[in-house]
Amino acid sequence: MGVPIARTTEEARVTTVASAGERTCVPAPRRTVVQRIRAPRRPRIWFEIALIAVSYWTYSMIRNAVPEQEAQALRNADWLWEAERALGIAVEQSLNHAVNGVTWLIVSMNYYYATLHFIVTVGVLVWLYRRHPGRYAATRTVLFATTAVALLGYYLYPLAPPRLMESVHFIDTVKVHDTWGSMASGNMANVSNQYAAMPSMHIGWSVWCGITIALLAAPLWVKILGWLYPAVTLVVIVCTANHFWLDAVGGVVCLGIGFAISRAWYGAPAHRLPRLVPAATRP
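Q: Would you mind going over a nonpolar patch on the surface with me for this structure?
A: Residues Leu 220, Trp 221, Ile 224, Leu 225, Leu 228 and Val 232 make up a contiguous nonpolar surface patch of about 620 Å² in total accessible area. The topology assignment puts Val 232 in helix H10 (residues 220-239).

Q: Help me understand the nonpolar core, please; the structure alone is not making it clear to me.
A: Soluble, globular proteins show a tendency: their nonpolar side chains are buried together. Grouped together as the largest cluster of nonpolar side chains are 34 residues, with contacts concentrated most on Met 109, Val 124, Leu 128, Tyr 154, Met 201, Trp 208 and Ile 237. If you list the elements that add at least two residues to this core, you get helix H6 (103-131), helix H7 (133-156), helix H9 (201-216), H10 and helix H11 (245-266). With eight residues, H9 is the largest single contributor of residues to this core. Setting aside anything within four residues of it in sequence, one finds Ile 237 in contact with Tyr 113, Ser 200, His 202, Ile 203, Asn 242, His 243 and Ala 248. One finds Leu 74, Ala 77, Ala 197 and Ala 241 within the second-largest nonpolar core, a separate group that totals 15 residues.

Q: Would you mind going over the side chain of His 117 with me for this structure?
A: Counting through the fold element by element, His 117 comes out in helix H6. Those residues in contact with His 117, other than ones at most four positions away along the chain, are Tyr 112, Met 201, His 202, Trp 205 and Tyr 229.

Q: What am I meant to see in unusual backbone geometry here?
A: A negative phi angle characterises most non-glycine residues, just as the trans form characterises most peptide bonds. Between Met 198 and Pro 199 the backbone carries a cis peptide bond, its omega angle lying at 5°. With respect to the secondary-structure elements, Pro 199 resides in the loop between helix H8 (173-177) and H9. One non-glycine residue, Asp 178, adopts positive backbone phi at about 50°. Along the chain, Asp 178 falls in the loop between H8 and H9. Positive phi is not limited to glycine here, since Ala 241 has a value of about 60°. Summarising the element assignment, Ala 241 is placed in the loop between H10 and H11. Its relative accessible area of 0% is what places Ala 241 among the buried residues.

Q: What's the story with the environment of Leu 234 in this structure? I'm lost.
A: Tracing the chain through its elements places Leu 234 in helix H10. Taking relative accessible area as the criterion, Leu 234 reaches 27% and is therefore assigned partly exposed. Put simply, Leu 234 and Ser 206 are 28 residues apart on the chain and 9.0 Å apart in space, counted from C-alpha to C-alpha. Once residues lying within four places of it in the same chain are set aside, the contact partners of Leu 234 are Ile 203, Trp 245 and Ala 248.

Q: When you look at the packing of aromatic side chains in this model, what are you seeing that I'm missing?
A: One pair of aromatic rings is described through two measures. These are the centre distance and the angle between the planes. Scanning all chains against the criterion turns up five aromatic pairs. Taking 6.4 Å as the distance between ring centres and 40° as the angle between the ring planes, the aromatic pair formed by Tyr 112 and Tyr 229 counts as tilted. Of this pair, Tyr 112 sits in helix H6 while Tyr 229 sits in helix H10, and the two are 117 residues apart along the sequence. Owing to a relative accessible area of 17%, Tyr 112 belongs among the buried residues under this scheme. When the centroid spacing of 6.5 Å and the interplanar angle of 85° are considered together, the rings of Phe 118 and Trp 205 count as edge-to-face. Of this pair, Phe 118 sits in helix H6 while Trp 205 sits in helix H9; the two residues are 87 residues apart in sequence, bridging distant segments of the chain. Assessed through its relative accessible area of 32%, Phe 118 is described here as partly exposed. An aromatic cluster is built from Trp 81, Phe 170 and Phe 244, whose rings are joined through pairwise contacts. Over the face of the ring belonging to Phe 144 we find Arg 140, whose NZ or CZ atom lies 5.8 Å from the ring centre.

Q: Sorry if this is basic, but what is going on with helix H4 (residues 70-87) here?
A: Residues separated by three or four positions in an α-helix point in the same direction, a consequence of the helix having 3.6 residues per turn. Its 18 residues place the ends of H4 26 Å apart at the C-alpha level, agreeing with the 26 Å of an ideal helix rising 1.5 Å per residue. Taken together, the buried positions of H4 are occupied by Ala 73, Leu 74, Asn 76, Ala 77, Leu 80, Trp 81, Ala 83 and Glu 84. Residues of H4 that are buried in the fold lie against helix H5 (92-100) and H11. Immediately beyond the C-terminal end of H4, within one or two residues, lies Gly 88, with a positive phi of roughly 75°.

Q: For this particular structure, what's the right way to read H9?
A: The end-to-end C-alpha separation of H9 is 22 Å, in line with the 22 Å expected for 16 residues at 1.5 Å each. The N-terminus of H9 is capped by Ser 200, whose side-chain oxygen sits 3.4 Å from the backbone nitrogen of His 202.

Each value, and the rule that gives it
Residues numbered from 1 in each chain as written. Predicted model: local features only at pLDDT ≥ 70, side-chain atom pairs only at ≥ 80, totals over all residues. Heavy atoms only, no water. Patch = residues over 30% accessible without salt bridge, like charges linked within 9 Å, V, L, I, M, F, W, Y side chains within 5 Å. Areas by Shrake-Rupley, 256 points an atom, 1.4 Å probe, with all protein chains shown as cover. Salt bridge = Lys/Arg side-chain N within 4 Å of Asp/Glu carboxyl O. Helix = DSSP H or I, 4+ residues; strand = E, 2+ residues; numbered from the N terminus. Core = buried A, V, L, I, M, F, W, Y, C linked by side-chain atoms within 4.5 Å. Buried < 20%, exposed > 50% of the residue type's maximum accessible area, 1.4 Å probe, protein only. Contact = heavy atoms within 4.5 Å. Phe/Tyr/Trp six-rings, centres within 6.5 Å; stacked < 30°, edge-to-face > 60°. Lys NZ or Arg CZ within 6 Å of the ring centre and 35° of its normal. Expected span 1.5 Å × (residues − 1). Polar contact = N/O pair within 3.5 Å; in protein donor to acceptor, adjacent residues only side chain to side chain.

Structure representation (structure tokens):
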């Protein structure tokens, strides 16, 4: 006879139960600390409000604490403008001057630039919290990681917006039309770093909003609005001379990194996580 193969106690127990035709419930293995943190869970309202407030305050403090380096920022703007001319995409000046001649349109763009950047982003976060709690944390992580990467850009590559260039004439539409449309124009210029144009977080945040809405919203018309929002934002930041086209590219690159970080942490894209999380999974 052959020598019997040694089996663990657990294997013997499972075999005995199976051979007897009985049904049993084997407890799931305990999750590690990292697995528990990564697991989808219902967000807690006060924690999220505090997190967003502290994060935005920290972002503003760091962004505005970055040395302005005016001379370097202006040299970088000249280089970027020449690069766009070589690529054949340097049409920002023409758009800026053309739209500035239509008062109601440019004034609307000024207010759009100043307000919707925050209103729409917060609105999408609230919608996620209420309708997609299981996907909220992963999607919020994309936004936070994107913004963190942008801070590196502000530090490593100071860049003057087109409206501050000395070698090329752009119109600062906020000053000309006396509207509140930029934290870096008029009276607000003293409390905001004017040379943090690369990457554009107006684009980074708006594309985040657009992708989130397009992937998770049900009505077709809402999905269409989601895609239109970053497209309109791109036109606005260029026509108001707050950004170059390539600033927008920088914002999209930062967003791509944000998506990669979130996926690596949660193990799946946010939209593939469960929409609802049972109350029993609350921490």
